[in-house]
Amino acid sequence: MRYWWVNQNQTFQQEVGGGYIWSPKRKSNGARNPYYEFMREVAPGDLILSYRDTRICRIGVAQSYAFESPKPPEFGAAGPNWNQIGWRIDVHYIDPGTQVRPANHMDVLGPHLPDRYSPLRPNGGGLQNIYLAPVSDGLMRAIARLVGPVLRDLLDQAVVFAQVTSAVAGFWEWEVHLENQVLGDPIIPSTEREQLIMARRGQGRFRENVGRIEHACRVTGVNRSEHLRASHIKPWRSGSNEERLDGENGLLLTPTIDHLFDRGFISFEDNGRVLLSPVAHQLSLERMGVTKAALMDVKPFTQGQRRYLDYHRESVFLQAHIG
């Protein structure tokens with residue numbers, strides 16, 4: 001279990017009411033933001049302190065890993081410069097009963113503030129330029145003594161209960177909306193529209209194009225076509241129409257590996273080495289047969305595939321923050 005601090009001055013009502021936290025993937029200029037990158041490290045069961053108007057107002061229990069999601073429409077005018085596609089984590093919020101104002105307790109909290117990525121100024125004021133930041137065990141327990149029994153009880157549990165949600169419903173709604181846009185686009189010829197819709201399911205021309213490059217699952221080695229799915233490297237929901245049909249934007253994967261790849265629990269380096277997400281549930285990976293010892297040596301990717309893999313590592317893969 002890890003601990004996090006989220007600043008929600010602009011979007012508290014929307015996020016708490018909707019049961020989630022959401023951030024862009026990058027700054028408006030395209031640069032990395034460590035406080036957005038931290039979203040990729042949250043795991044189900046992690047505790048999240050919700051901070052608004054100088055007070056800790058809610059305690060959140062993460063219910064999912066981060067997954068790609070459009071900017072929530074209920075944000076309205078909030079964050080006008082934010083990217084339209086970001087990271088979302090489903091969260092169960094708990095009202096602690098007591099709303100602690102950290103600025104009133106810096107004699108207790110101050111010694112626990114980190115040198116980097118601190119959620120608070122030394123005087124206890126909030127930092128407007130951060131969204132999500134890690135909280136150390138020492139700081140969390142100091143805050144728990146102030147908040148009271150609700151947070152203390154959560155910390156005392158060996159494992160915080162999390163009713164792990166699935167991003168499948170969110171993905172499905174998002175992709176159906178995009179599919180309807182394709183179907184209603186009069187500029188796209190009808191035969192092309194049909195192929196684009198089939199590509200979403202890994203079928204049709206897209207699968208044929210992938211099959212000219214890939215011949216087996218790169219993780220399991222399975223080469224029987226009936227056991228393989230044509231999986232987009234840059235997801236269908238994120239690509240252009242050209243990218244949705246490009247064979248170099250695809251891999252042939254078994255259903256389990258396809259799920260892990262699409263959700264960002266695994267990825268690949270350009271030389272073919274398999275990357276395992278540090279936030280994935282390791283026992284589940286082992287039960288699926290995905291272990292470092294079991295991974296096959298796979299051949300390098302084509303130049304086109306590498307371009308798409310760069311996107312997957314940067315925008316889908318759940319990797320730990322570096323820096």
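Residues numbered from 1 in each chain as written. Predicted model: local features only at pLDDT ≥ 70, side-chain atom pairs only at ≥ 80, totals over all residues. Heavy atoms only, no water.

A. Expanded view of the nonpolar core. Formed by 61 residues in total, the largest nonpolar core has its most connected members in Ile21, Ile89, Leu132, Ile257, Phe261, Ile266 and Phe268. If you tally residues by element for this core, the top one is strand β6 (residues 85-94), at four residues. Counting residues in hydrophobic clusters, the runner-up holds 23 residues, among them Val100, Leu139, Met140 and Leu155. (Core = buried A, V, L, I, M, F, W, Y, C linked by side-chain atoms within 4.5 Å. Buried < 20%, exposed > 50% of the residue type's maximum accessible area, 1.4 Å probe, protein only. Helix = DSSP H or I, 4+ residues; strand = E, 2+ residues; numbered from the N terminus.)

B. Region of the structure containing the packing of helix α4 (residues 137-147) against helix α5 (residues 149-156). At a minimum axis distance of 6 Å, the contact between α4 and α5 shows a crossing angle of 140°. If you check the angle between α4 and α5, you find them oblique. For the pair α4 and α5, the contacting residues are Met140, Arg141, Ile143, Ala144, Arg145 and Val147 in the first and Leu151, Arg152, Leu155 and Asp156 in the second. Partitioned by chemical class, the residues of the contact of α4 with α5 number six nonpolar, no polar and four charged. (Axes fitted to C-alpha atoms, helices over the stretch in contact; angles between N-to-C directions. Parallel < 35°, antiparallel > 145°, perpendicular 65-115°, else oblique. Contact = heavy atoms within 4.5 Å. Nonpolar A, V, L, I, M, F, W, Y, C, P; charged D, E, K, R; others polar.)

C. Inspection of helix α12 (residues 303-315) at higher detail. Over its 13 residues, α12 runs 19 Å from end to end, which matches the ideal 18 Å to within 8%, given 1.5 Å per residue. Three or more residues of α12 are buried, namely Gly304, Gln305, Tyr308, Leu309, His312, Arg313 and Ser315. (Expected span 1.5 Å × (residues − 1).)

Nothing here speaks to function; it is all geometry.
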